[in-house]
Amino acid sequence: MKQIETARANLRRKFEKIEDKNAILKDSEFKALFDGIRGIEPDKRSEYGKAINDLKTEVKSWIEESDEQDNEKEPIDVTAPWDVNTPKEKRPNFFNTTQGSIHPITREISDIVDIFQRMGFVVEESREIDNDYNMFTSLNFPLGHPARDDYDTFNTDEGLIAPAHTSTMQNRLLKKYKDNLANEEPIAVVVPDRVFRNEDLDATHEHTFYQIEGIFVAKKVNVGNLIATLSAFMNDYFAQNLETKLQPFYFPFTEPSFEFAIERPDVLKKNDSEEQKWLELGGCGMIHPNVLFEAGVDPKTSSGFAFGFGIERMVMMKNGIEDIRHFESANLKFLRQFK
Ligand code: DAH
């Protein structure tokens, strides 16, 4: 009996270690036990034989238990075109999952958002269908105003619009976060998302692309705060101290309005010529009092800035990509270069 107890302990130790659990039934410990019968006194043989068989039954239950545990770890896929016993390395890899990569736009957005979050901005999403009120009216585009025509919007038969800029979220976000102001906290939100324009397509124009919008509203916010925020972002993003330049522009929803440009960062430098010096990145300005008022924010006590720029442009410049249409093309040859 002592011999059987020792064999049981040995078997358990081996069982924990081996990969193919069934192999334990063929272990030499069993053979040794059966061979041992001959050395046992005849009247004790049946008791001894029964103990060996009990041990064998126990070992079989170990195997069953471990199968059940394996199944818990990996649920059976009844649609899989291979047998459950096919080892992992022999299963076909239809999806080439090892070759997947993050889309360059996704990666860019997460880098950009990361910087704004560290500066205290919260992140919100835009939407893929909206109405005239959010896209235009709430942003101080009067009905029939020619500036509406600058956005070649896609419209549905029901009169809805696929938003042509992330500014379509300004009114909603001002309303959503305006209680911050009563608590002496700013409204600080960025919105990276897709926008749509019914444009003629070419190497720099795509019907679907990404923008990042930012709004910041508090007491006594001024253009200096706008410049400081955008500069801090650009310096962090390009890991370099860069000159920033604002040039006058027109948007109905900001007053004054600007286009902002940065000194071309070293990574994007081709030569030192003057026209190569500046990179125009997007629009910005002080949020128009009508836009604040429309969202229920008192423009007499609060003011703010907003900005918006295209994301593809940044990725294209950084990676020397010549055609914006690659991004939405689902061309794996293009995408797999961004590992
Ligand atoms: N929505 C503008 C566009 O797509 C970009 C923009 C300009 C956004 C100025 C802003 C802003 O928030 O203040 O052309």
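What counts as what
- Residues numbered from 1 in each chain as written.
- Predicted model: local features only at pLDDT ≥ 70, side-chain atom pairs only at ≥ 80, totals over all residues.
- Heavy atoms only, no water.
- Domains from an automatic or database assignment.
- Core = buried A, V, L, I, M, F, W, Y, C linked by side-chain atoms within 4.5 Å.
- Buried < 20%, exposed > 50% of the residue type's maximum accessible area, 1.4 Å probe, protein only.
- Contact = heavy atoms within 4.5 Å.
- Phe/Tyr/Trp six-rings, centres within 6.5 Å; stacked < 30°, edge-to-face > 60°.
- Helix = DSSP H or I, 4+ residues; strand = E, 2+ residues; numbered from the N terminus.
- Lys NZ or Arg CZ within 6 Å of the ring centre and 35° of its normal.
- Patch = residues over 30% accessible without salt bridge, like charges linked within 9 Å, V, L, I, M, F, W, Y side chains within 5 Å.
- Areas by Shrake-Rupley, 256 points an atom, 1.4 Å probe, with all protein chains shown as cover.
- Salt bridge = Lys/Arg side-chain N within 4 Å of Asp/Glu carboxyl O.
- Lys, Arg positive; Asp, Glu negative; His and termini not counted.
- Charge placed at Lys NZ, Arg CZ, Asp CG, Glu CD.
- Polar contact = N/O pair within 3.5 Å; in protein donor to acceptor, adjacent residues only side chain to side chain.

On domain assignment, one finds that the protein chain holds domain 1 (2-90) and domain 2 (104-335). Once you take the C-alpha centre of each, domain 1 and domain 2 turn out to be 66 Å apart.

Our next topic: the nonpolar core. Membership of the largest hydrophobic core comes to 42 residues, with the highest contact counts inside it found for Phe233, Met234 and Phe307. Sequence-distant contacts of Met234, that is, excluding residues within four places in its chain, are made with Ala239, Leu242, Phe260, Ile262, Leu281 and Phe309. The next biggest cluster of nonpolar side chains, apart from the first, holds 26 residues, and it includes Met135, Tyr151, Leu173 and Val297.

Next up on the list: the packing of aromatic side chains. Applying the stated rule across the entire model yields 19 aromatic pairs. On the numbers, 5.3 Å between centres and 75 degrees between planes, the contact of Phe116 with Phe121 is edge-to-face. The same class applies to Phe116 as to Phe121, namely buried. For the pair Phe216 and Phe305, a centre-to-centre distance of 5.4 Å together with 15 degrees between the ring planes defines the contact as stacked. In this pair, Phe216 is assigned in strand 5 (residues 208-218) and Phe305 in strand 9 (residues 303-310), connecting sequence segments 89 residues apart. A residue is classified by how much of its surface remains accessible, and Phe305, at 1% relative accessible area, is buried. What links up through ring pairs into an aromatic cluster is the set Phe116, Phe121, Phe216, Phe233, Tyr237, Phe238, Phe260, Phe305, Phe307 and Phe309. A cation over an aromatic ring shows up here: Lys21 above the ring of Phe15, its NZ or CZ 4.8 Å from the ring centre.

Let us look at a negative patch on the surface. On the surface, Asp149, Asp150, Asp152, Asp200 and Asp202 cluster together into a negatively charged patch. With respect to the element layout, Asp152 can be found in the loop between helix 5 (132-135) and strand 2 (154-155).

This brings us to the side chain of Thr229. For Thr229, the position within the fold is in helix 8 (residues 223-238). In this structure Thr229 comes out as buried when scored by relative accessible area, which is 13%. Of the polar contacts made by the side chain of Thr229, one reaches the backbone oxygen of Asn225; its length is 2.7 Å. Ignoring sequence-local partners within four residues, the contact set of Thr229 consists of Met119, Phe121 and Phe305.

This paragraph deals with the environment of Ile287. Of note, Ile287 is situated in strand 8 (residues 278-287). For Ile287, a relative accessible area of 5% corresponds to the buried category. C-alpha of Ile287 to C-alpha of Ser303: the two residues are 16 residues apart in sequence and 7.1 Å apart in space. In this structure, Ile287 is in contact with Gln170, Ile215, Val217, Phe253, Thr254, Leu292, Gly304, Phe305 and Ala306, ignoring residues within four places of it in sequence.

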